[in-house]
Every structure is written in structure tokens, then in C-alpha cells.
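Coordinate inspection notes
What follows is each chain in one-letter form.
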Amino acid sequence: MNSLHALIDQARADFARAADAAALENTKARYLGKAGLITAEMKALASLAPEDKRARGAEINAVKQAIERALQDRRDAIEQAALQAQLEAQAIDVTLPGRVADRGGLHPLTRSWMRVEQIFRSIGFDVADGPEIEDDWTNFTALNSPQNHPARSMQDTFYVDVDDVHGQPLLLRTHTSPMQVRYARMHVQRQAAASPMSPIKVIAPGRTYRVDSDATHSPMFHQFEGLWIDTDVSMADLKGTFTGFLKAFFERDDILVRFRPSYFPFTEPSAEIDMMFESGPLKGRWLELAGSGQVHPTVVRNFGLDPERYIGFAFGSGIDRLTMLRYGVTDLRLFYENDLRFLQQFA
Ligand code: PHE
């Protein structure tokens, strides 16, 4: 009798020693398993006299139930402890200072791009955007550079390896000048009945591509095109507009601007626009900034306009170049290497 009851305490002690669920189930077998102590007591009943069996059986059952309860208690305790340990391991220390995201900054080229837009908007120019994958007609032919025209070799072109639906080659635009054609044709279409039509006055900044790569050339670079067409827009307006832009862009007045005769198929006459600072580290050097000219009559016709009636100027300038001059950057490639030590200076 006593030894039977002692089993309860013994089991409780054994269960308490089991450190985890697996150890506990092993310990359980010692009491309740097929070869366990309680099971052995049950089997021993068979050899008792019938009058003793009943009492002994009830006693064994009580002990068995007590052991089962002890087992369940220990199971619960182990489970609780495991949960507690897990919670502690996963605890978030809310007193730690937060990890603050680094504050981003605009890329210097983006700053220039936005600056160009803002200055031209302030003098009444619209801002237009268009495709970087361009068709041959819009990039060259409409701009008075027909197939086999020597001027095409002025710009080394990336061709795209698919054919346009109209069967003409596609290419990465070599300049923003195709935006003259796209914008003007759209404008003319919208103004179909108006006479005279409202002026075309737009800039088109964007990415351009040429097979070219060194300290001052990147295969991908940025230009902004300017186009102003009306019944009486002259080269004098070009000079005033571009000179005013440069003074606003560089925030200084001591800038000399020179228009040097040049050639482009889509303008006649054509001029390179050069600029010189009258003070500072670049003082006294002519810097080439843009191509420009009076829009060629053939191009005006391709806009859908009568060149006898409508006239104006166009220019194309490099955003990368202007940015280098504004910040004193001497290697264009720095803009494209994404080195934070460089970029953070502009943030
Ligand atoms: N598209 C010319 C270039 O990229 C620049 C230009 C634009 C010249 C408009 C004249 C008029 O070199």
C-alpha cells in the first residue's frame, strides 16, 4: 500500500527532473508505459484473491490518475517555460533608439534638369517629354537629314534590334531635336483652324544616346531642346532667350555669350553657343554649350507649317555640361558612378 502511494511522489520527482517535453515522455514510460511500474501493478492483480482485487484495483487506479495528473502538470509547466523563453528571446527592446532612414538627396543632374524647367517656365515655355526609343524619320529624316545624308554620321547611333511597325529602323534618340517635330506636329494638329496659330514655345529635356565614352562624353547623356516658332521670332530672340537663361542658371551677370557660325541640317543659319565667365576659375575660356539656329524651312514644313509664314529658332544644349560648369566637376563619369561620397556633396 505504502509503496504504491510512494510511487506518486517518486513520479512527481522524476517528472520534475525532466527538462523538456521529450525527456518527460521518456520518464512517463517508466510509470505508465507497457513495461511501466503501474502497468506491472495492474498485471499483478490477477494473482490476488477475488475479494482483494476490488480494493487493490481501485487503489491502483487512484495512484495511476494521480500520476497522470502530475504528468499533465509537468507538461503544462514545460510548455509554459518554453513559451516564456521564446517570448524573452524575441523581446523588442523599445528603449533602443530607432534606426532612422538616411535622408535622400537629388542627383546633381536632376537638380539642373529641374532648374532648366523652372527658368524656362518662368518665361512662358511649355515643358514636353517624349520617347527615348525614336523612329528614324523623326530623329533624322524630318530634321532634314535624309538617308545617306553625310550629317547622319555626325552622330554615332545606337540602333534598336527590332523593326518598327512602319518598317523603319528604331534607334535611341541621338538628340532631343526629334521633340521639335513631335511637339510641333501635335501643336499644329490641335490648332488646325487657328490663324495665326498660337506660338510654339517649348523646351524638351531628356536622355539622349550616342556611341561615345570618355571624360566628357557618356553613351547616355542629357539634353534639353528649345523651340520657339511664331510669325516673327528671330535670331535676336534666340540670343536674348539663351543669354537670359544662362544668367539665371548660373546666378550671375558676368557672362559673355558668343554665337559662332556652324552647321546643322535642321537649322539655317546655324550657330554654336559659347559662353565665357568674366571671373572665377574658368575666367577667360570660351566654353561650348549648345547648338542652335533658325529652324530650316524644310523642317518647318515637316512640322506641318508654311515656312513663308512661320519662323523661329531651336537650340539643343547639354544638361551634363551645364552641371559640370555649375559645380566645377571635371569628369562627367562621376555623375554616373553612383559613388555616395561624390553625390552627398550635392544633397
Ligand atoms: N541637335 C543638335 C545636337 O545635338 C543641337 C541643335 C539643336 C542644333 C537644335 C540646332 C538646333 O548636336
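About the cut-offs
All chains use their own residue numbering, which begins from 1 and follows the written sequence. pLDDT decides what is reported in this predicted model: residues at 70 or higher carry local features, side-chain atom pairs at 80 or more are listed and counted, and totals for whole chains, interfaces and linings draw on all residues regardless. Hydrogens and water molecules were not included; the side-chain quantities draw on all heavy atoms of the structure. If even one non-hydrogen atom of a residue comes within 4 Å of a molecule or strand, that residue is called near it. For this analysis, a polar contact is any N or O atom pair within 3.5 Å, provided that within protein one partner can donate a hydrogen and the other can accept it, and provided that sequence-adjacent residues contribute only side-chain to side-chain pairs. All accessibility values rest on the Shrake-Rupley procedure with a 1.4 Å probe; residue burial counts only the protein chains present in the view. Here a strand is any run of E in DSSP of at least two residues, a helix any run of H or I of at least four, and the numbering for each starts at the N terminus. Classification used: nonpolar for Ala, Val, Leu, Ile, Met, Phe, Trp, Tyr, Cys and Pro, charged for Asp, Glu, Lys and Arg, polar for all others including Gly. Here the bounds of each domain stem from an automatic or database domain assignment. Classification of ring pairs rests on two measures: the distance between centres of Phe, Tyr or Trp rings, Trp counted by its six-membered ring, which must be within 6.5 Å, and the angle between planes, read as stacked under 30 degrees, edge-to-face over 60 and tilted in between. Between buried and exposed lies partly exposed: a residue is buried under 20% and exposed over 50% of the maximum accessible area for its type, with that area taken using a 1.4 Å probe on protein chains only. Cation placement over rings: the criterion is NZ of Lys or CZ of Arg within 6 Å of the ring centroid and within 35° of the ring normal. Any two strands between which DSSP finds at least two bridges are classified as paired. A pairing counts as a salt bridge when a side-chain nitrogen of Lys or Arg comes within 4 Å of a carboxyl oxygen of Asp or Glu.

Every one of the 15 residues lining the ligand counts as a neighbour, but H175, S177, R210, Q223 and G316 are closest to it. In the environment of the ligand, a nitrogen atom lies 2.9 Å from a nitrogen or oxygen atom belonging to the side chain of S177. Contact between the ligand and Q223: an oxygen atom at 3.0 Å from a side-chain N or O atom of the residue. Taken by itself the ligand offers 320 Å² of open surface, and the protein chains cover 92% of this. Contributions of two or more residues to the shell around the ligand are made by β6 (220-230), β9 (287-295) and β10 (311-318). Per-element tally for the shell around the ligand: the top contributor is β10, with three residues. Split into classes, the residues belonging to the shell around the ligand amount to four nonpolar, nine polar and two charged.

By domain assignment, the protein chain separates into domain 1 (2-89) and domain 2 (110-346). Its C-alpha centre places domain 1 at a distance of 90 Å from the equivalent point of domain 2.

Quick look at the packing of aromatic side chains now. In the structure shown here, the tally under the stated rule is 19 aromatic pairs. A centroid spacing of 5.9 Å and a plane angle of 80° characterise the contact between F224 and F315, whose relative ring orientation is edge-to-face. One end of the pair, F224, is in strand β6; the other, F315, is in strand β10, and 91 residues separate them in sequence. When its relative accessible area of 0% is taken as the criterion, F224 is described as buried. Aromatic side chains W228 and F313 sit 5.9 Å apart centroid to centroid with 75° between the ring planes, which places their arrangement in the edge-to-face category. Taken as a pair, W228 in strand β6 and F313 in strand β10 lie far apart in primary sequence, 85 residues in all. For the pair formed by W228 and F313, the shared burial category is buried. One aromatic cluster is present, formed by F120, F125, F224, W228, F242, F245, F249, F250, F277, F313 and F315 through successive ring pairs. One Lys or Arg, R115, reaches over the ring of F249 and ends 5.5 Å from the middle of that ring. Positioned above the aromatic ring of F249, the side-chain terminus of R326 is 5.7 Å from the ring centre.

Bringing the pairing of β10 into the picture now. By the criterion of burial, β10 is predominantly enclosed, with seven of the eight residues buried. Across eight bridges, β6 lies against β10 in antiparallel orientation. If you follow E225 over to β10, its bridge partner there is G316. With five bridges joining them, β9 and β10 adopt antiparallel strand pairing. Across the sheet, the residue bridging to G291 is G316, located in β10.

Right, let's get into the pattern of salt bridges. Summed over the entire model, instances satisfying the criterion amount to 17 salt bridges. A salt bridge links D14 to R17; the shortest N-O distance between them is 2.4 Å. One end of the pair is D14 and the other is R17, both in helix α1 (residues 2-17) and three residues apart, which spans about a single turn. Residue classification places D14 among the buried positions, given a relative accessible area of 9%. For R17, a relative accessible area of 62% corresponds to the exposed category. Residues E251 and R115 are paired through a salt bridge, measuring 3.4 Å at the closest nitrogen-oxygen approach. Of this pair, E251 sits in the loop between α8 (235-250) and β7 (255-264) while R115 is found in helix α5 (residues 108-122), placing the two residues 136 residues apart along the sequence. Here the residues in one salt-bridge network are R258, R260, D274 and E288, joined through shared partners.

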